[in-house]
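The lines below spell out each chain.
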Amino acid sequence: MQVTALEWVITCVVILGLFVFDFFAHVRTPHEPTFRESGFWSAVYIGIALAFGGFVAWRWGSTFAGEYYAGFVTEKALSVDNLFIFLIIMSTFAVPRMYQQKALLIGIVIALVMRGVFIAVGAAAISAFSWVFYLFGLFLIYTAIKLVTESGHEAEHEEKRDSRVVALAKRILPTTDSYDGDKLVTRMDGRRVVTPLLLALLAIGFADLLFALDSIPAIYGLTSEPYLVFTANAFALMGLRQLYFLIGGLLDRLVYLSYGLSAILAFIGVKLVLHALHENTLPFVNGGEHVSVPEISTGVSLGVIIGILVIATVASLLRTRARSS
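Residues numbered from 1 in each chain as written. Predicted model: local features only at pLDDT ≥ 70, side-chain atom pairs only at ≥ 80, totals over all residues. Heavy atoms only, no water.

## Examining the overall build of the protein
Looking only at helices and strands, the protein has 11 helices and two strands in total. From first element to last, N terminus to C terminus, the protein shows the α and β order α-α-α-α-α-α-β-β-α-α-α-α-α. In summary, the protein has a C-alpha radius of gyration of 21 Å against a globular reference of 20 Å for 325 residues, a match within 12%. The C-alpha extent of the protein, read off along each of the three principal axes, is 70 × 50 × 40 Å. A buried classification covers 48% of the 325 residues belonging to the protein. Pairs at least 24 apart in sequence give 79% of the contacts found in the protein among residues at least 6 apart. One way to put it: in the protein the 23 positive side-chain charges average out to a point 7 Å from where the 24 negative ones average out. (Helix = DSSP H or I, 4+ residues; strand = E, 2+ residues; numbered from the N terminus. Rg over C-alpha atoms; globule rule 2.2 N^0.38 Å. Buried < 20%, exposed > 50% of the residue type's maximum accessible area, 1.4 Å probe, protein only. Contact = heavy atoms within 4.5 Å. Lys, Arg positive; Asp, Glu negative; His and termini not counted. Charge placed at Lys NZ, Arg CZ, Asp CG, Glu CD.)

Below, the structure is given as structure tokens:
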């Protein structure tokens, strides 16, 4: 897949332009988005992401389009799980709903920048060392196991992380417990102090860093093209703010989502290990020769990922419906 420098620049400018538009059209004036507004713009951004996959198919072929769609679906699913953490952070800092949009949008931009760094590092590592796929695969399997063992205790783990982040920030920066509109920094008694909104933003940024550690190896298990990895991440993050307000009330009902995501991460981890064995160059594995193992195609990967998400969602809704009846 050959992507010119001009195509990279145009893509980055368009993505940046969409975020700038989102800020001036929806975030600049503090307000709590309505269900209709959130639903409309969520559909718009998902439509843009799907249309971009059509462009990839036209420009580079259906194989790469399939890899993009598989990556986008996976990253979007992981992002939905991240919304639960964002909800905990907003509750912990008691951020008024009309000011949550600003923290979310800035946090999402920070996430995209950090993922861009991880994508570049991952691409360089993969091109230099084929055995990196072993590390990515084993890390995803470990993450999947950890996700299952921590299921149901996400709030406790996140609150512990938040308290550490806040304690460090308060040790370094002058802070206040009072909000001043949607300002991140305000004046109090003649000096500049940090508001709780900025502390919430720091907590979101730290959570985004941890999310990137999971999501980047996961998508590299579906495509090795940095351009597709970046765009799938960008379009998955785009519209996440609207999705937060759209399905915030439904997050508690997705009780099996963590199990579904752990199954997806484990599946991609196994796929990466199989690919590493197929491309093996480690001298202590099969004498440094390639290992003849089956590889999982992009089509099968996309089908498995969508199937797991559908099963986890339906099972979650049936379970919560049975509890409420």
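This is not the end of the story, as more comes after the structure.
## Some points on the pairing of strand S2 (residues 191-194)
Inspection of the sheet shows strand S1 (residues 185-188) paired to S2 by four bridges, in the antiparallel sense. By the bridge assignment, Val185 is partnered in S2 with Val194. Between S1 and S2, which pair antiparallel and follow one another directly, the connecting turn spans two residues, one of which, Asp189, has a positive phi of 55°. (Pairing = 2+ DSSP bridges.)

## Thoughts on the nonpolar core
Core analysis: the biggest nonpolar cluster contains 91 residues, and Tyr68, Phe86, Ile89, Tyr220 and Ile268 have the highest contact counts within it. The element that contributes the greatest number of residues to this core is helix H3 (residues 62-92), accounting for 14 residues. Setting aside residues no more than four positions away along its own chain, Ile268 makes contact with Thr74, Leu140, Ala218, Gly221, Leu222 and Ile305. (Core = buried A, V, L, I, M, F, W, Y, C linked by side-chain atoms within 4.5 Å.)

## Describing the confidence of the model for the protein
Of the residues in the protein, 92% have a pLDDT of 70 or more, and the chain-wide mean is 80. Helix H8 (residues 226-237) holds the highest mean pLDDT among the elements of the protein, 89, whereas helix H6 (residues 154-172) holds the lowest, 63. (pLDDT = per-residue confidence, 0-100.)

## Thoughts on the side chain of Ser301
Residue placement: Ser301 occurs in helix H11 (residues 298-324). Beyond its immediate chain neighbours, meaning those up to four positions away, Ser301 contacts Leu222, Phe267, Lys271 and Ile296.

## Notes on the pattern of salt bridges
Per the counting criterion, the structure on display carries two salt bridges. For Arg59, the salt bridge identified is with Glu7, shortest N-O distance 2.7 Å. On the criterion of sequence distance, the pair formed by Arg59 in helix H2 (residues 35-60) and Glu7 in helix H1 (residues 5-27) is long-range, its members being 52 residues apart. Classification of Arg59 by relative accessible area gives partly exposed; the value is 33%. When the shortest N-O distance is used, the salt bridge between Glu75 and Arg115 registers 3.3 Å. One end of the pair, Glu75, is in helix H3; the other, Arg115, is in helix H4 (residues 97-128), and 40 residues separate them in sequence. Residue classification places Arg115 among the buried positions, given a relative accessible area of 2%. (Salt bridge = Lys/Arg side-chain N within 4 Å of Asp/Glu carboxyl O.)

## What to know about a nonpolar patch on the surface
Judged by side-chain polarity, Val109, Val113, Val117 and Val121 come together as a nonpolar surface patch covering roughly 330 Å² of accessible area. Its location among the elements puts Val113 in helix H4. Judged by relative accessible area, which is 53%, Val113 ranks as exposed. (Patch = residues over 30% accessible without salt bridge, like charges linked within 9 Å, V, L, I, M, F, W, Y side chains within 5 Å. Areas by Shrake-Rupley, 256 points an atom, 1.4 Å probe, with all protein chains shown as cover.)

## Digging into the environment of Val44
Within the secondary structure, Val44 is located in helix H2. Given a relative accessible area of 26%, Val44 falls into the partly exposed group. When the C-alpha positions of Val44 and Asp182 are compared, they lie 26 Å apart, and in sequence the two are 138 residues distant.

## Considerations on the packing of aromatic side chains
One pass over the full model with this rule turns up 16 aromatic pairs. Relative to Tyr45, the ring of Trp41 has its centre 6.2 Å away and its plane inclined at 40°; by these criteria the two rings are tilted. Here the residue Trp41 and the residue Tyr45 both occupy positions in helix H2, the gap between them amounting to four residues, near one helical turn. Centroid distance Phe55 to Trp60: 5.8 Å. Interplanar angle 85°. Geometry classified as edge-to-face. You can call Phe55 partly exposed: its relative accessible area is 30%. Three or more aromatic residues joined by ring pairs form one cluster here, namely Trp8, Phe52, Phe55, Trp58, Trp60, Tyr68, Tyr69, Phe72, Tyr227, Phe230 and Phe235. (Phe/Tyr/Trp six-rings, centres within 6.5 Å; stacked < 30°, edge-to-face > 60°.)

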